[in-house]
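Residue strings, one per chain:
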Amino acid sequence: MTKVFITGGAGYIGSHTILDLLESNHAVVVLDNLSNSSIESLTRVEKLTGKSVTFYEGDIRDRSALQKIFKEQPDIEAVIHFAALKAVGESNEIPLAYYQNNVAGTVTLLEELATANIKKFVFSSSATVYGDPASVPITESFPTSATNPYGQTKLMVEHILTDLVASDPEWSVSILRYFNPVGAHESGLIGEDPNGIPNNLMPFIQQVAIGKRDQLSVFGNDYDTHDGTGIRDYIHVVDLANGHLKALNKIMTNKGLHIHNLGTGQGYSVLEMVTAFEKVTGKSIPYQVVARRQGDIAECWAQTNKSEKELGWKANLGLTDMVESAWNWQENNPNGLKSNIGVNLACKLLKAREIS
């Protein structure tokens, strides 16, 4: 058993990863400022697993909070770092907030980890670090760049981690470049619960389907793709969470810097995602085409051979699984994590499905 420190653990990807860690008999300590998440997600994870999470409400930029945690939890062995602002559009509007939180906050975290001699680190990066790629599929050896401040912050942290490992060979660092996480846990208890207007495609589609929004905005239909809309590699969040567990296993026994794509190797356009959602759910998704968003690119999908070879990981859940689980989450939680769906009943239903 490893005790793992998770920053931003109450969020969408964090909560699914924590569930996977607990089910694999790891202990979990969480730090989250709850700016774009809810502690309810951790409560539900505890209900699902029957195991507890140690939670601290705080910010990665708060040095004293980090020192308190590492003093009280001296047996932490590794870190998975999710805590970040993550909206491309918003990053263009308030770039300083993104650099302050994502870059300066990570530097503070790394400094305190070094002082506490905790040098096993998994970083939640993004495929945005590939900028506007010259070709697809994208391999880890592609040149990096960024088309927006959010992507710049992820790329800056990657450079910082690269320099850190070069300066101190005791560090074991995994950089995971995500493509586009979607879906939810099969229980319908945890899923993506964005504040305000969703920044990502699937939760926006879900909110149109449930009646919270009138129509979907499709940002541009004049890209150089088969239907004119942007193509992305969508990965089920459960597969993504398992990728973190595999990356953690890797750094526990292998020092140095390790970089891996987490995607499916398959791209779908915006309109293909709409069609898939309509087919699976029977719901009509009206949409309007609007102007492109600044910083968006035509297509982005992964080559995942390196992850399969070095981590023993590959995505197993397909587009139908993604849509079904996302809709199950949305139907059972029309108001997100504020919904009162009866946690105990949902757990019993999940177990019943497992038995059958």
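Residues numbered from 1 in each chain as written. Predicted model: local features only at pLDDT ≥ 70, side-chain atom pairs only at ≥ 80, totals over all residues. Heavy atoms only, no water.

Per an unreviewed UniProt entry, the protein carries the name UDP-glucose 4-epimerase and comes from Psychrosphaera haliotis. Here the protein is described in UniProt, under the heading Cofactor (unreviewed entry), as follows: "NAD(+)". Recorded in UniProt for the protein, the comment headed Catalytic activity (unreviewed entry) runs: "UDP-alpha-D-glucose = UDP-alpha-D-galactose". (UniProt positions renumbered as here; feature names shortened; annotations may be inferred.)

Bringing the overall build of the protein into the picture now. Scanning the protein from terminus to terminus reveals twelve helices and 14 strands. Over its C-alpha trace the protein gives a radius of gyration of 19 Å, about what one expects of a compact globule, namely 21 Å for 356 residues. Taking the principal axes of the C-alpha coordinates as reference, the protein spans close to 55 × 50 × 40 Å. Per-residue burial over the protein gives 53% buried out of 356 residues. Sequence-distant contacts, at least 24 apart, represent 81% of the contacts inside the protein between residues at least 6 apart. A total of about 15,200 Å² of accessible surface is found on the protein, and carbon and sulfur atoms cover 47% of it. Treating the 30 positive side-chain charges of the protein as one cloud and the 40 negative ones as another, the clouds have centres 5 Å apart. (Helix = DSSP H or I, 4+ residues; strand = E, 2+ residues; numbered from the N terminus. Rg over C-alpha atoms; globule rule 2.2 N^0.38 Å. Buried < 20%, exposed > 50% of the residue type's maximum accessible area, 1.4 Å probe, protein only. Contact = heavy atoms within 4.5 Å. Areas by Shrake-Rupley, 256 points an atom, 1.4 Å probe, with all protein chains shown as cover. Lys, Arg positive; Asp, Glu negative; His and termini not counted. Charge placed at Lys NZ, Arg CZ, Asp CG, Glu CD.)

Across all of its chains, the model carries eleven salt bridges by this definition. A salt bridge links E72 to K68; its shortest N-O distance comes to 2.9 Å. Of this pair, E72 and K68 both sit in helix α3 (residues 63-72), separated by four residues, roughly a single helical turn. A salt bridge links E158 to R177, with the shortest nitrogen-to-oxygen separation between them at 2.7 Å. In this pair, E158 is assigned in helix α6 (residues 149-167) and R177 in strand β6 (residues 172-178), connecting sequence segments 19 residues apart. Three or more residues joined by partner-sharing salt bridges are found here, namely R63, E111 and E112. (Salt bridge = Lys/Arg side-chain N within 4 Å of Asp/Glu carboxyl O.)

Once that is clear, we can look at α6. The first and last C-alpha atoms of α6 sit 27 Å apart over 19 residues, in line with the 27 Å expected at 1.5 Å per residue. Two or three places before Y150, at the start of α6, stands the capping residue N148, its side-chain oxygen 3.3 Å from that residue's backbone nitrogen. (Expected span 1.5 Å × (residues − 1). Polar contact = N/O pair within 3.5 Å; in protein donor to acceptor, adjacent residues only side chain to side chain.)

Attention now goes to the pairing of strand β3 (residues 54-57). As paired elements, strand β2 (residues 27-32) and β3 share four bridges and run parallel to each other. Each residue of the ladder has a partner; that of L31, found in β3, is Y56. Handedness of the crossover joining β2 and β3 through helix α2 (residues 40-49) is recorded here as right-handed. (Pairing = 2+ DSSP bridges. Right-handed = clockwise from strand over helix to strand, strands pointing away.)

It is worth spelling out the packing of aromatic side chains at this point. Inspection of every chain in the model, using the stated rule, returns three aromatic pairs. Note on Y130 and F142: the rings are 6.5 Å apart at their centroids and 85° apart in plane angle, and the pair reads as edge-to-face. Of the two residues, Y130 is situated in the loop between β5 (120-126) and α6 and F142 in the loop between β5 and α6; the sequence distance between them amounts to twelve residues. Both residues of the pair, Y130 and F142, belong to the buried class. Residues F277 and W327 carry aromatic rings whose centres are separated by 5.7 Å and whose planes lie at 80° to one another, so their mutual orientation is edge-to-face. Of this pair, F277 sits in helix α9 (residues 270-281) while W327 sits in helix α11 (residues 319-332), and the two are 50 residues apart along the sequence. The exposure class of W327 is buried, given its relative accessible area of 9%. (Phe/Tyr/Trp six-rings, centres within 6.5 Å; stacked < 30°, edge-to-face > 60°.)

Counting through the fold element by element, Y150 comes out in helix α6. Here the alpha-carbon distance between Y150 and G295, two residues 145 residues apart in the chain, equals 9.7 Å. If we skip the residues at most four places from it in the chain, Y150 touches L85, K86, A87, V88, S91, Y98, N102, S126 and T128.

It is worth spelling out helix α1 (residues 12-23) at this point. The end-to-end C-alpha distance of α1 is 17 Å, a good match for the 16 Å that twelve residues give at a rise of 1.5 Å each. The buried fraction of α1 is high, at eleven of twelve residues. Residues Y12, I13, G14, S15, H16, T17, I18, L19, D20, L21 and L22 constitute the buried set of α1. Just past α1, the residue N25 takes up positive phi, approximately 70°.

A separate point is unusual backbone geometry. In this structure, the amide linkage connecting V136 to the following residue, P137, adopts the cis form with an omega of 5°. Tracing the sequence through the fold places P137 in the loop between β5 and α6. One non-glycine residue, L34, lies in positive phi territory at about 60°. Its place among the elements puts L34 in the loop between β2 and α2. We classify L34 as partly exposed; its relative accessible area is 24%.

UniProt's feature table lists "domain: NAD(P)-binding" (unreviewed entry) at residues 5-324, given in the numbering used throughout. Segment residues 5-324 splits into 41% helix and 18% strand. End C-alpha atoms: 31 Å apart.

This part is about the side chain of T17. Counting through the fold element by element, T17 comes out in helix α1. T17 gets classed as buried once you look at its relative accessible area, which sits at 1%. Within the local environment of T17, its side chain forms a polar contact with the backbone oxygen of I13, the two atoms lying 3.0 Å apart. Non-local contacts of T17, meaning those with residues more than four positions away in its chain, are made with I80, F82, A241 and H244.

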